[in-house]
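Coordinate analysis (summary)
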Amino acid sequence: MKKTEKLITNTIRIAGSSSILFVMLIFIFLLKEGLPALQDISFSTLFSKRWYPIEDMYGILPLISGSLIVTIFSMVIALPLGIGTAIYIGEIAPHNVKEILKPMVEVLAGIPSVVLGFIGVLVLSPLVRTTLNLPTGLTALTGSILLALISIPTIVSIAEDALYAVPGSYREAAYAVGATQWQVIWYIVLPAARSGILNAVMLGVGRSLGETMAVMMVTGNAPTLFSRLEAFVSPVRTMTATIASEMGEVASGSAHYHVLFFIGIILFLFSLVVNITSSSLSMRPKRGKDQVVS
Amino acid sequence: MKRHAQIVFLLISILLFAACQPSGQSNSESKDPADNQAYIENKGSDTLVNLALAWAERYQQINPDVQISVTGGGSGTGFAALINGTISIANASRQIKPEEIESSREKGFDPIEHIVANDAIAVIVNPENPIDQLTLEQVSQIYKGEITNWQDVGGEDRPIVKLSRETNSGTHVYFLETVVRLGSKEDKNIFSADTLLLPSSEGIIAEVRDNPNALGYDGLGYVTDEVKMVALAEKPGGEYVLPSAETVINGKYPVSRHLYMYTRGEPQNAELAYLEWIFSAYAQDIIIELGFVPIFGK
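The structure displayed is predicted, hence computed values, not measured ones.

What counts and how
- Residues numbered from 1 in each chain as written.
- Chains lettered and ligands numbered in written order.
- Predicted model: local features only at pLDDT ≥ 70, side-chain atom pairs only at ≥ 80, totals over all residues.
- Helix = DSSP H or I, 4+ residues; strand = E, 2+ residues; numbered from the N terminus.
- Contact = placed C-beta atoms within 7 Å.
- Buried ≥ 20, exposed ≤ 12 C-beta atoms within 10 Å, placed from the backbone.
- Pairing = 2+ DSSP bridges.
- Core = buried A, V, L, I, M, F, W, Y, C linked by C-beta atoms within 7 Å.
- pLDDT = per-residue confidence, 0-100.
- Expected span 1.5 Å × (residues − 1).
- Axes fitted to C-alpha atoms, helices over the stretch in contact; angles between N-to-C directions.
- Parallel < 35°, antiparallel > 145°, perpendicular 65-115°, else oblique.
- Left-handed = near helix turned anticlockwise from the far one by under 90°.
- Nonpolar A, V, L, I, M, F, W, Y, C, P; charged D, E, K, R; others polar.

Focus: the overall build of chain A
Helices and strands together make up the secondary structure of chain A, namely 13 helices and two strands. C-alpha atoms of chain A, sized along the principal axes, occupy 70 × 65 × 35 Å. For chain A, contacts bridging at least 24 residues in sequence account for 76% of all contacts bridging at least 6.

Pasting the structure below:
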């Protein structure tokens, strides 16, 4: 019996540390393949405004701006909807409605993004073009709506879990002193579930930032730099779409190859920042009032 | 219980062994003397992929002991795979670049070029668009961003949405050199930044079909009845010509090119037989069926 216990402990230990190892290895690989870009290409070229790799123009600013526009705008759409849905499912909906809604949201999470991309090209993009009277429907807005659809299920299920984790005694205490349902949700449940909800938001941001296929199909992929407000309804090119569509063609070891990995490093840094913000935000209240919850 | 696990393990290992075998063989480029089976891996240009598939299907019907697998991905992707040795025939809609020849030589072979078909690049618009003809210079100015409204080329007051293939497409490079730069080697103009780069030929057709503002280009084999081809004139005041097999072979249509297959060194055995068959009248007829242009006229 002791032997098997030891074996199990060791297996779990290896499993745990291997994930750290993999992340490290991926990061080292990214650095090894991406950093030579700074050697191959001057800093001013790398941070210029034009991306056209077959003429050695490697300006990554339009790609960064494209990713940011699409991600931020998708969150503007997804956050109110996602957290609203979570509150409805977790706090307001009667039991039988909840039993239907929750699995539905999970099914939505399981739809492959390519399928959503198809719907985006065939249905959403013509709709965006005709309703807003735009020159083309392949725009940042179309991509943002699709990304919102993709990230809402993640946000809903994690935010709902966070709401569920708030002890029933909190609500009962609030109702006992005469609070309305809205007051309970707004002043008691949401603050208590704050860290979990922030986590949901950050995972949603990460999902949007990293999504590739659907974005590549509907954003038009024109590497234009954000200059005016119209950029929200113009075509953009994201970092992920650039890597996906150009990776297959580059000769390994060329400047273009290194720049694509450099873009990978930037994406990695972005998601690192998102993760660090989310964990530092969700850590903070733990010391104070949230202590009781855990 | 233990015996059960052993049997399962045995079964899995047999399955794995069986699954590994054909994939191990597919790397070999020539005929396997043991069972007379030959595998040809064929990859590259998206322009050529439908034609290559049709050829492969017919050829396998005639020669059941030859297996040909065809995938797309773009001319650059095909050359990369040829250099890395994962395929034996690369499809391309552009000629091989000097850098690619160099890296092939580093790997120890000379890429050999075979012209297998001709293609015309059709400039296409939405059927609602009243524009029927443009000069090459007008198309170039539009893609460079100097003309942004259909009004300036005799159309309606609508913005022009420019569509192009991604930069890894041979069609993109060909269009850049022949149309945007009008064939001049010194010209360093490129597509304007707001040109939409779509990942597939079908994507361009779909957007042109739906969007009356759109201007796109695509290989003649991809053009459907749902979009309208524009007649092109090489010089202002010249004759406007619509792309067709006839106008490509007689040289009147200005935007036509060869389509290629590349082999690792001189083709041998199965590949040689396949390429010889491609030049036969029967295989060249398939080209016409698919909307491309054969290498010799009738």
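Here the narrative resumes.
With respect to the overall build of chain B
Counting secondary structure elements, chain B contains ten helices and eleven strands. Burial analysis of chain B (298 residues in total) assigns 44% to the buried set. Residue pairs in contact within chain B that sit at least 24 positions apart in sequence constitute 70% of those at least 6 positions apart.

Structural notes on the pairing of strand 4 (residues 111-125) of chain B
Residue and element names in this part refer to chain B. Among the 15 residues of strand 4, eleven are classified as buried, and the element is accordingly described as predominantly covered. Pairing analysis gives nine bridges linking strand 4 to strand 11 (residues 256-264), with the strands arranged antiparallel. By the bridge assignment, aspartate 119 is partnered in strand 11 with arginine 257. Bridge count between strand 4 and strand 8 (residues 214-219): five bridges; the pairing is antiparallel. Residue pairing in the sheet places valine 123 in a bridge with tyrosine 217 of strand 8. With two bridges joining them, strand 4 and strand 9 (residues 228-229) adopt antiparallel strand pairing. Residue isoleucine 124 lies in a different strand from strand 9, and its bridge partner there is methionine 229.

Section: the nonpolar core
Note that soluble globular proteins tend to have their nonpolar side chains buried in a common cluster. Among the nonpolar cores identified, the biggest contains 125 residues, and Leu146, Ile155 and Ala159 of chain A together with Ala90 and Ile124 of chain B are the most heavily contacted of them. Here this core gets 15 residues from one element, more than from any other, and that element is helix 7 (residues 140-165) of chain A. Residues within four places of isoleucine 124 of chain B in sequence aside, it is in contact with Val208, Gly216, Tyr217, Asp218, Val223, Val227, Lys228, Met229 and Val230 of chain B. Grouped together as the second largest cluster of nonpolar side chains are 15 residues, Ile41, Val250, Leu260 and Phe261 of chain A included.

Considering the confidence of the model for chain A
Per-chain confidence: chain A averages 88 in pLDDT, with 95% of residues scoring 70 or above. Note on residues 286-294 of chain A: pLDDT is under 50 here. Beyond four places in sequence and across chains, it has eight contacts.

With respect to helix 1 (residues 2-34) of chain A
Compared with an ideal rise of 1.5 Å per residue, which puts 33 residues at 48 Å, helix 1 of chain A spans 48 Å between its outermost C-alpha atoms and is within 8% of the ideal. With one of its 33 residues buried, helix 1 of chain A lies for the most part at the surface.

Observations concerning the packing of helix 2 (residues 46-62) of chain B against helix 10 (residues 281-289) of chain B
Residue and element names in this part refer to chain B. Taken N-terminus to C-terminus, the directions of helix 2 and helix 10 make an angle of 140°; their axes are 10 Å apart at the nearest point. Between helix 2 and helix 10, the angle is such that the two are oblique. In terms of crossing hand, the pair formed by helix 2 and helix 10 is right-handed. Of the residues in helix 10, those touching helix 2 at Leu51, Ala54, Trp55 and Arg58 are Ala283, Ile286 and Ile287.

Observations regarding the interface of chain A and chain B
Chain A puts 23 residues into the contact, and the matching count from chain B is 27 residues. Contributing elements (two or more residues each) for the side of chain A that touches chain B: helix 6 (113-132) and helix 12 (239-246) of chain A. Looking at the side of chain A that touches chain B, the element that brings in the most residues is helix 6 of chain A, giving three residues. Class assignment of the residues belonging to the side of chain A that touches chain B gives a composition of twelve nonpolar, six polar and five charged.

Things to note about the confidence of the model for chain B
Residues and elements named next belong to chain B. Scored by pLDDT, chain B has a mean of 85; 87% of the residues are at 70 or more. Highest mean pLDDT in chain B belongs to strand 9 (94); lowest belongs to helix 1 (residues 2-26) (51). Across the interfaces of the predicted complex, the ipTM metric reaches 0.80, alongside a pTM of 0.77.

A look at the environment of serine 45 of chain B
Residue and element names in this part refer to chain B. With respect to the helices and strands, the residue serine 45 is situated in the loop between strand 1 (38-44) and helix 2. Classification of serine 45 by C-beta neighbours within 10 Å gives buried; the count is 29. In the structure, serine 45 is positioned 48 residues away from serine 93 in sequence and 5.9 Å away in space, judged by C-alpha atoms. Every residue in contact with serine 45, bar those within four places of it in the chain, is listed here: Gly74, Ser75, Gly78, Asn91, Ala92, Ser93 and Gly170.

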